[in-house]
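One-letter residues, chain by chain:
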Amino acid sequence: MKESLTPKQVAQAIGVGESTVKRWCDQGLIPTESTPGKHRRLPLKGVIQFLRDNGHTMVKPEMLGLPSLTGLGDALISRSVDDMRLALESGDDALFRRHVLNLYFSKKSVCEICDWAIAPAFHGIGDRWAHGSVEVFQERRACEICSRVLTELRGLIPVVPQSAPLAIGGTLSGDTYTLPTKIVELVLREAGWDAQNLGSNLPSESVCAALRSLRPRILWLSVAHIPDAEAFQGQYEPIYATTQAQGVAMVVGGNALTPDIRKRIQYGAYCDSFSHVVSFAASLEK
Ligand code: B12
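Quick notes on the rules
Residues numbered from 1 in each chain as written. Predicted model: local features only at pLDDT ≥ 70, side-chain atom pairs only at ≥ 80, totals over all residues. Heavy atoms only, no water. Donors = N, O, S within 2.8 Å, 3.2 Å for Na, K, Ca; no water. Helix = DSSP H or I, 4+ residues; strand = E, 2+ residues; numbered from the N terminus. Buried < 20%, exposed > 50% of the residue type's maximum accessible area, 1.4 Å probe, protein only. Arc of directions from axis to C-beta. Contact = heavy atoms within 4.5 Å. Salt bridge = Lys/Arg side-chain N within 4 Å of Asp/Glu carboxyl O. Near = heavy atom within 4 Å. Polar contact = N/O pair within 3.5 Å; in protein donor to acceptor, adjacent residues only side chain to side chain. Phe/Tyr/Trp six-rings, centres within 6.5 Å; stacked < 30°, edge-to-face > 60°. Disulfide = S-S within 2.5 Å. Expected span 1.5 Å × (residues − 1).

Draft legend 1. Up close: the coordination of the cobalt atom of the ligand. One donor from the polypeptide reaches the cobalt atom of the ligand: Y177 (OH), at 2.3 Å. Tracing the backbone through its elements, the reader meets Y177 in the loop between strand 4 (166-172) and helix 8 (179-190).

Structure (C-alpha cells):
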C-alpha cells in the first residue's frame with residue numbers, strides 16, 4: 001500500500017476530476033500534508049476513511065496500492081466465507097487479503113468481517129483438519145496469513161484519540177492461540193478504545209502486574225484452550241481478584257469456556273462474538 005498519495009492518484013482511484021479532490025483537500029475534508037514545494041500529499045489512512053465515510057466506490061484501487069475490489073454490499077460477507085477458507089487453505093495470501101479489503105471497502109466493520117467471515121472460515125478449516133482433509137501446516141500458515149492482514153487492517157482503522165480509555169488483554173499460560181486476542185484489540189480500537197494486545201501464553205502473575213501498572217478500564221481474556229481446568233482456575237482467580245480490587249471491568253470469551261468452566265469462574269461479561277465485546281465496552285461510560 002502507498003502511504004502517501006497525490007490528488008491525481010486519488011482522483012483516478014475513484015474516477016473523479018483532480019480539481020475535485022484538490023477542492024476536498026482545501027475544504028479540509030481529506031487530511032492533507034504539503035511538500036516543501038507546496039504540493040499536496042494525502043496520507044492513505046485519511047483517504048481511506050474519507051472514501052468509506054462518503055461511500056465513494058473505487059474504480060481503480062490499484063492507484064492506492066490496493067487489490068481490485070468489487071464493492072458489493074451484504075451479499076459479499078456470506079459469499080466470502082468459502083472463498084476466504086479456500087484462499088487460506090491454499091496459502092494464497094493475496095487472494096485472502098483481497099477478500100478482507102473488499103469487505104472493508106464495502107463499509108463492513110472489522111468486527112463484522114471477523115465475526116461473520118474470518119471466524120467461520122477458520123471453523124471450516126478446523127473441521128477439515130479434524131477430518132484429515134487439511135494438514136497442520138496449512139492451518140498454521142493460514143494463521144500467519146490472517147495475522148498479517150489483521151495487522152494491515154490495524155493500519156487502516158482511524159487512530160484512537162490520546163484520551164481514549166485503555167483496554168488490555170491476551171491469553172493465559174498453555175493457550176498459544178494468537179488470532180482471537182489480536183482481533184479483540186482490533187475491534188476495540190475500531191470502537192475508539194486504546195486497546196493493547198499483550199499476546200498469548202501469559203503467566204497469571206504477569207497479567208496481575210499489567211493490571212497494577214497499566215490500570216486499564218477493561219481487561220479481556222481470550223480462552224481458546226485449557227490444558228488443565230484446575231490449573232486454569234488457579235491462574236484465573238488472582239486475576240479476577242485484582243480486577244475487582246482495581247475497579248477493572250473483566251470480559252472473557254473463547255471456545256474453551258464451556259458452560260461447566262464458566263460456572264466455576266467470575267467475570268464481568270462472557271462474549272460469544274467480537275460484536276459482544278464492542279457492545280460491552282460501549283455499555284461502560286468511557
Ligand atoms: C488455528 C487453530 C489452532 C492453532 C492456533 C495457532 C494460532 N496462531 O492461533 C493451534 C496450533 C494453537 C491449535 C492447537 C490445537 N488445536 Co486448534 N484450532 C485452530 C482453529 C482452526 C482456528 C482457531 C481460531 O483462531 N479461530 C478464529 C477465531 C476468531 O474464532 P473463534 O475462536 O471461534 O472465536 C469466536 C468466538 O469464540 C468469540 N471469541 C473467541 N475468542 C474470544 C475472546 C474474547 C475476549 C471475546 C470477547 C470473544 C471471543 O468470537 C469469535 C467470533 O465469533 C480451530 C477451529 C475453530 N473452530 O475455530 C481449531 C480448534 C479450536 N482446535 C482444536 C484442537 C483439538 C486443537 C489441539 C488440541 C490439537 C492437538 N491435538 O494438539 C491443539 C490444542 C492447543 C494447544 N496444544 O496449544 C479443536 C478444538 C475442539 C474442542 N472442542 O475443544 C478445533 C475446534 C478444531 C476442530 N474442529 O476440531 N489450534
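Draft legend 2. Quick look at helix 12 (residues 274-283). The set of residues buried in helix 12 consists of F274, V277, F280 and A281. Each buried residue of helix 12 lies within a common arc of 115 degrees when the element is viewed along its axis, so the set occupies one face. Among the exposed residues of helix 12, those oriented more than 90 degrees off its buried face are A282 and S283. In this fold, the buried residues of helix 12 make contact with helix 6 (110-130), helix 8, strand 6 (218-222), strand 7 (249-253) and strand 8 (269-271).

Draft legend 3. Inspection of the pattern of salt bridges at higher detail. Throughout the structure, instances matching the rule amount to 11 salt bridges. We note a salt bridge from E185 to R154, for which the minimum N-O separation is 2.9 Å. In this pair, E185 is assigned in helix 8 and R154 in helix 7 (residues 136-156), connecting sequence segments 31 residues apart. For D260, the salt bridge goes to R264, with nearest N and O atoms at 3.0 Å. Of this pair, D260 and R264 both sit in helix 11 (residues 259-264), separated by 4 residues, roughly a single helical turn. What emerges from the salt-bridge pattern is a single network uniting D82, R85, E89 and R128.

Draft legend 4. How the structure looks around the site of the ligand. Neighbouring residues of the ligand: 28 residues in total, closest D115, H123, R140, Y177 and T178. Here T176 contributes a side-chain N or O atom positioned 3.2 Å from an oxygen atom of the ligand. The contact in question runs from a nitrogen atom of the ligand to an N or O atom on the side chain of T178, over 2.8 Å. Secondary-structure elements contributing two or more residues to the shell around the ligand are helix 6, helix 7, helix 8, strand 6 and helix 12.

Draft legend 5. Up close: the packing of aromatic side chains. Under the criterion given, the structure shown has 4 aromatic pairs. Relative to F50, the ring of W24 has its centre 5.1 Å away and its plane inclined at 50 degrees; by these criteria the two rings are tilted. Within this pair, whereas W24 is found in helix 2 (residues 18-26), its partner F50 is found in helix 3 (residues 44-53), the two being separated by 26 residues in sequence. With respect to burial, W24 and F50 carry one shared label: buried. Judged by centre distance (6.5 Å) and plane angle (50 degrees), the rings of Y267 and Y270 are tilted.

Draft legend 6. Region of interest: the state of the cysteines. On inspection of all chains with the given rule, the structure shows 0 disulfides. Of the cysteine sulfurs around C111, a residue in no disulfide, the closest is that of C114, at 7.2 Å. Free of any disulfide, C271 has its nearest cysteine sulfur in C111, 10 Å distant.

Draft legend 7. The arrangement of helix 10 (residues 229-246) in detail. In this model, helix 10 (18 residues) spans 26 Å end to end at C-alpha, consistent with the 26 Å of a helix rising 1.5 Å per residue. F232, Q233, Q235, Y236, I239, T242 and T243 are the residues of helix 10 that are buried. Those residues of helix 10 hidden inside the fold are in contact with strand 4, strand 5 (194-202), helix 9 (204-214), strand 6, strand 7 and helix 11. Between a side-chain oxygen at the N-terminus of helix 10 and the backbone nitrogen of E230 the separation is 3.0 Å; the capping residue is D228. Positive phi appears at G247, one or two residues downstream of helix 10, with a value of about 70 degrees.

Bear in mind that shape data such as this cannot, by itself, settle questions of function.
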